[in-house]
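What the coordinates show
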Amino acid sequence: MNFLEEKILADGKVFEGNVLKVDNFLNHQIDIDVMRQVACEFKRRFKGIQVDKILTIEASGIAIAVMLAAMYDVPVVFAKKSQTVNSVDDKYVSQAYSFTHKKMNNVFVSRPYLSAGENILIVDDFLADGKAANALIDIVEQAGGHVVGVGVAIEKGQQNGGRDLRQRGIKLESLAIIESMDYATQKIIFRNQQ
Ligand code: 5GP
């Protein structure tokens, strides 16, 4: 069992509706030691791959992206979910249904922050149905960039996002893959990745 699987078992709570709460180290309070280990593990798994920028989506992907970008010494771009009055640049826009908020979000990145030919590593906290990851991939493709990989801390293997990305030939690295989790017993089983 790796450090993240151990942390999930120690601190994760299974909620109704197939939701895993990891607010005390990933989604609300951020445990810097865990984040550092997440970043190191991504760096190891994507070894040898040229990365020009790291792309994530607000909010929970940002901490992981920043820790990892510091190791590559490259910029982080995070896709936004809501338009603000001061965002006047032209944008790449895609759509993603939010698993946690149960609504469709417009996801966008201002055009100056992604360029044709860039090698983009996408990271996020969770992968469930793959809506967020697919919106980010779509945005990179609109910009003419190359998705060199997708890294997620926690993949919910009972949902199809991971399977679909792998079938498309995308290099997906998930540090913990949940095979099953049960609200009544709080039992969480991980997929063996050895
Ligand atoms: P997807 O777009 O792959 O369906 O879902 C991924 C997004 O939904 C992630 O950005 C994450 O924020 C959120 N998410 C999906 N499932 C869970 C979950 O079980 N727990 C938490 N905390 N977030 C989730």
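All figures in this text were calculated on a predicted structure; none of them were measured in a lab.

1. Describing the overall build of the chain
Within the chain one finds six helices and ten strands. A compact globule built from 194 residues would reach a C-alpha radius of gyration of about 16 Å, and the chain, at 16 Å, matches this within 12%. Over its C-alpha atoms, taken along the principal directions, the chain stretches across nearly 50 × 35 × 35 Å. Of all 194 residues assigned to the chain, the portion counted as buried reaches 47%. Long-range pairs, those at least 24 residues apart, make up 61% of the contacts in the chain between residues at least 6 apart in sequence. Total accessible area computed for the chain in this model is approximately 9,700 Å², and 49% of it derives from carbon and sulfur atoms. Separation of charge centres in the chain, based on 23 positive and 24 negative side chains, amounts to 1 Å.

2. Looking at the environment of Gln 158
Checked against the element boundaries, Gln 158 lands in the loop between strand E8 (146-156) and helix H6 (161-167). According to the relative accessible area criterion, Gln 158 is partly exposed, its value standing at 31%. Residues Gln 158 and Asp 129 lie 29 residues apart in sequence; the distance between their C-alpha atoms is 9.2 Å. Excluding residues within four positions of it along the chain, Gln 158 makes contact with Asn 18, Ile 178, Glu 179, Ser 180 and Met 181. Among the polar contacts listed, one links the side chain of Gln 158 to the side chain of Asn 18, at a separation of 2.9 Å.

3. Section: the sheet that holds strand E10 (residues 188-190)
Read from one edge to the other, the open sheet built from six strands follows the order E4-E3-E7-E8-E9-E10, with strand pairing classed as mixed. Since the sheet does not close on itself, it has two edges, and those belong to strand E4 (76-79) and E10, each with one partner. Here the average twist between neighbouring strands, direction ignored, is 25°. Judged from the eight bridges that link them, strand E7 (residues 119-127) and E8 form a sheet pairing that is parallel.

4. Notes on the site of the ligand
In the vicinity of the ligand lie 16 residues, with Leu 20, Ala 128, Asp 129, Gly 130 and Ala 132 positioned nearest. At 3.4 Å from an oxygen atom of the ligand is found a side-chain nitrogen or oxygen belonging to Asp 125. Lys 131 is positioned with one of its backbone polar atoms (N or O) 3.1 Å from an oxygen atom of the ligand. Protein burial of the ligand: of its 500 Å² of free accessible surface, 90% is covered by the chains.

Calculation criteria
- Residues numbered from 1 in each chain as written.
- Predicted model: local features only at pLDDT ≥ 70, side-chain atom pairs only at ≥ 80, totals over all residues.
- Heavy atoms only, no water.
- Helix = DSSP H or I, 4+ residues; strand = E, 2+ residues; numbered from the N terminus.
- Rg over C-alpha atoms; globule rule 2.2 N^0.38 Å.
- Buried < 20%, exposed > 50% of the residue type's maximum accessible area, 1.4 Å probe, protein only.
- Contact = heavy atoms within 4.5 Å.
- Areas by Shrake-Rupley, 256 points an atom, 1.4 Å probe, with all protein chains shown as cover.
- Lys, Arg positive; Asp, Glu negative; His and termini not counted.
- Charge placed at Lys NZ, Arg CZ, Asp CG, Glu CD.
- Polar contact = N/O pair within 3.5 Å; in protein donor to acceptor, adjacent residues only side chain to side chain.
- Pairing = 2+ DSSP bridges.
- Axes fitted to C-alpha atoms, helices over the stretch in contact; angles between N-to-C directions.
- Near = heavy atom within 4 Å.

All we've got here are geometric facts, nothing functional implied.
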